Amino acid sequence: MHKINKDDIQKFIFSLRNSDGGFYLQKNFKQSSLMSSAFSIMTLELINSMDLLENKKEGELFLKHQDEKTGLFVDPSLKIEYEKIEDIELNYIHYQTTAFSLSALDALKLSPVYNLSFMDAFRGKEKISKFFENINWKNPWHESNKIMFLLQFFSYEHIKLKNQNSFDSINIIIDKLNSFQDPRTGLWGTQHKASTFVSMAAAYHFLIYYKYYNREINHSEKISTSVFQLQMRDGLFHPFGGGGACEDLDAIDVISKVSSELSVDSERSLKDAYSALLKNYDSSGGFCWAKRPKLPFFLGLKYFNPSSELFNTGMIKWIIKNNYIGSLFPFVKEDKIYKYSNWNQMKFHINYSDSWSTWFRLLSIATLERLLPNLKKHDIDFKFRSLPSIGWMQSE
C-alpha cells in the first residue's frame, strides 16, 4: 500500500491533461468532457493546489459552452433540445454537466455569463409539487440526483445572486423531502421496497442541504444504524467487495452528517473504512473505483437474512449473480468497464485510476479525517467546497 501525498496526486491529475485544455476521465480511454475536466479541477481544489491552474484560461472551457437561452452548460459532444428543457430525465446529462461546471467555475473564482433561466420551470411551491409527483421513489439513488441538482442550482442563486425566492424554494423542497422520509430506516425509498443500499445514496444527496441550511435531520439515529449495517467485512460498503467510489463516500458522508458522537464500535468501523480506502490508491497518484476480490463468496451475505432490514430480493438476485454464479462463470460478472451516468463519452475501467474516483476517494478520506483527526498521516491540508454541492462539508 502506498502512502498518499500531494505531489503524486498533482502529477496524476496533470497526466490526464488533453490537448484541448481539458482533462481526460481516464487515460485508458482518452475521453474528455466538461464533467471530466471539472472532476480534475475539484480534485486540485480539495488538495489545496488551485495555484497550479490559470483560472481564467481553465474557465474558458466551461464558459464558452453555456447556452445563452437556458443557462445550461452543454457538453461540446452533445446538442440541446429546447422543447422539453424542464424534463430532467430527458436532459439528465445537461443538468449534471451544469452542476459540475458551476462547481468548477466557483473553484476557479469565476461566475457563469448567463442566468440559470431553465430553473424558471421549477420556481415556487406549485411547480415544485408537480416536480415531486414524477419522482419514482422505488429508484431513489437515480431520482435523488435530480432533486440534488435543483437544490444546488437554487443554492447557487441564493448565495451568489442573493435571490430570496430561491432560498424559499430550497425550504419547500426540504419540507417535501421530510414528507417522503421513511421513519423506520430514516432513509428515502425503503418504504417503497427500495434497498437500504440505494436509499443510502439518496440520503447523501439530500443531507448536504439539510446541514448547510441548518434544517433538522429527522430520524438521525435510524439513518446511522441503516448506513453502518451496509459496511462489509472488508471495511467498505459494496456487497461485491472492494467498495465503490460513489457508494463509500455516500455512506461515510451520511454518517458524518448524522453523528454528533461516535461510539467505540463506530470509530472502529470508520478506521476499518479508512484503511480499506487507502488500498485503492496506487503508485500513479490516483485512486481506482474498486478492487474487487476474486472470490467474494462471504461478502453481501447480510442481505440474505429475512429478519434484517437489509433483506431485499433485488439485492439478493444481484449479489447471487455476481458473487456466486459470476465466480464460476465470469462472463455474467459485473462489467469492469463502467460508463459514468451510462454515457459512452465517459468510460473507465474500475481497476485503474480515474479523476472521478480520485476525487471521491479523497473526499471520503478527508471526511473520515474530519471525524477522526488522528488518522491523518500525510502532507495534504484538505479544502472542501464552500458552496453546498458535492464536495461540501459542514464546519463542525
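Quantities reported herein were computed from a predicted structural model and do not represent experimental measurements.

**Student:** Please clarify how the overall build of the protein chain should be interpreted in this entry.
**Tutor:** A tally of regular secondary structure across the protein chain gives 13 helices and four strands. The globule rule puts the C-alpha radius of gyration for 396 residues at 21 Å, and the 20 Å found for the protein chain is close to it. Principal-axis analysis of the C-alpha atoms gives the protein chain an extent of 55 × 45 × 45 Å. Within the protein chain, buried positions represent 58% of all 396 residues. A total of about 17200 Å² of accessible surface is found on the protein chain, and carbon and sulfur atoms cover 50% of it. Looking at charge distribution, the protein chain has the averaged site of its 48 positive side-chain charges lying 4 Å from that of its 45 negative ones.

**Student:** Would you mind showing me how to read the state of the cysteines here?
**Tutor:** Note on terminology: a disulfide is the covalent bond linking the sulfur atoms of two cysteines. Inspection of the entire model under this criterion finds zero disulfides. For Cys246, which is in no disulfide, the shortest distance to another cysteine sulfur is to Cys288 and amounts to 13 Å. Given the relative accessible area of 1%, Cys288 is considered buried.

**Student:** Looking at this structure, how should I read the pattern of salt bridges?
**Tutor:** One side chain can pair with another of opposite charge once the charged atoms of both are near each other. This structure, assessed with the given rule, holds 15 salt bridges. We note a salt bridge from Arg215 to Asp175, for which the minimum N-O separation is 2.5 Å. Of this pair, Arg215 sits in the loop between helix 8 (196-212) and helix 9 (220-228) while Asp175 is found in helix 7 (residues 164-180), placing the two residues 40 residues apart along the sequence. Here Arg184 ties to Asp182 by a salt bridge, and the two come within 3.8 Å at their closest N and O atoms. Owing to a relative accessible area of 41%, Arg184 belongs among the partly exposed residues under this scheme. Three or more residues are tied together by salt bridges with common partners; here these are Glu45, Asp106, Lys160 and Arg385.

**Student:** What's the story with the packing of aromatic side chains in this structure? I'm lost.
**Tutor:** Two aromatic rings, taken as a pair, are described by how far apart their centres are and by the angle between their planes. Scanning all chains against the criterion turns up 37 aromatic pairs. Aromatic side chains Phe39 and Tyr340 sit 5.4 Å apart centroid to centroid with 65° between the ring planes, which places their arrangement in the edge-to-face category. Of this pair, Phe39 sits in helix 2 (residues 34-46) while Tyr340 sits in the loop between strand 2 (337-339) and strand 3 (347-349), placing them 301 residues apart in sequence. For the residue pair Phe39 and Tyr340, the accessibility class agrees, reading buried in each case. Sitting above the plane of the Tyr82 ring, Lys69 keeps its charged end 4.4 Å from the centroid.

**Student:** Would you explain the packing of helix 6 (residues 140-161) against helix 7 in this entry?
**Tutor:** The relative placement of two packed helices is expressed as an angle between their axes plus a distance between the axes. At their nearest, the axes of helix 6 and helix 7 sit 8 Å apart, and the two run at 150° to each other. When the axis of helix 6 is compared with that of helix 7, the two are roughly antiparallel. For the pair helix 6 and helix 7, the crossing hand works out as left-handed. Of the residues in helix 7, those touching helix 6 at Ile147, Leu150, Leu151, Phe154, Ser155, Glu157 and His158 are Ser166, Phe167, Ser169, Ile170, Ile173 and Leu177.

**Student:** Got a minute to help me understand the packing of helix 4 (residues 92-107) against helix 6 in this structure?
**Tutor:** Following both chains from N to C, one finds helix 4 and helix 6 inclined at 40°, their axes separated by 10 Å at the closest point. When the axis of helix 4 is compared with that of helix 6, the two are oblique. Considering only the axes of helix 4 and helix 6, their crossing is left-handed. Between helix 4 and helix 6, the residues in contact are Tyr92, Tyr95, Gln96, Thr98, Ala99, Leu102, Ser103 and Asp106 and His142, Asn145, Lys146, Phe149, Gln152, Phe153, Tyr156 and Lys160, respectively. The residue inventory of the contact of helix 4 with helix 6, partitioned by class, reads seven nonpolar, six polar and three charged.

**Student:** What's the story with the environment of Glu221 in this structure? I'm lost.
**Tutor:** Residue position: Glu221 is located in helix 9. For the pair Glu221 and Val258, spaced 37 residues apart in sequence, the C-alpha separation works out to 7.2 Å.

**Student:** Would you mind going over unusual backbone geometry with me for this structure?
**Tutor:** One can expect most non-glycine residues to show negative phi and most peptide bonds to be in trans. Not every positive phi belongs to a glycine, and Lys162 is a case in point at roughly 55°. Inspection of the secondary structure puts Lys162 in the loop between helix 6 and helix 7. The residue Lys193 is not glycine, and still its phi comes out positive at about 75°. Inspection of the secondary structure assignment puts Lys193 in the loop between helix 7 and helix 8. Under the relative-accessibility criterion, Lys193 is labelled exposed at 73%.

**Student:** Honestly, the nonpolar core in this entry has me stumped. Any pointers?
**Tutor:** Proteins that are soluble and globular tend to have nonpolar side chains buried together. Of all hydrophobic cores here, the largest spans 128 residues; its most connected members are Phe100, Ile147, Leu177, Trp356, Trp359 and Phe360. Element by element, the count of residues in this core is highest for helix 8, at 11 residues.

Rules and cut-offs
Residues numbered from 1 in each chain as written. Predicted model: local features only at pLDDT ≥ 70, side-chain atom pairs only at ≥ 80, totals over all residues. Heavy atoms only, no water. Helix = DSSP H or I, 4+ residues; strand = E, 2+ residues; numbered from the N terminus. Rg over C-alpha atoms; globule rule 2.2 N^0.38 Å. Buried < 20%, exposed > 50% of the residue type's maximum accessible area, 1.4 Å probe, protein only. Areas by Shrake-Rupley, 256 points an atom, 1.4 Å probe, with all protein chains shown as cover. Lys, Arg positive; Asp, Glu negative; His and termini not counted. Charge placed at Lys NZ, Arg CZ, Asp CG, Glu CD. Disulfide = S-S within 2.5 Å. Salt bridge = Lys/Arg side-chain N within 4 Å of Asp/Glu carboxyl O. Phe/Tyr/Trp six-rings, centres within 6.5 Å; stacked < 30°, edge-to-face > 60°. Lys NZ or Arg CZ within 6 Å of the ring centre and 35° of its normal. Axes fitted to C-alpha atoms, helices over the stretch in contact; angles between N-to-C directions. Parallel < 35°, antiparallel > 145°, perpendicular 65-115°, else oblique. Left-handed = near helix turned anticlockwise from the far one by under 90°. Contact = heavy atoms within 4.5 Å. Nonpolar A, V, L, I, M, F, W, Y, C, P; charged D, E, K, R; others polar. Core = buried A, V, L, I, M, F, W, Y, C linked by side-chain atoms within 4.5 Å.

Everything listed here is a matter of coordinates, which is why it stays silent on function.
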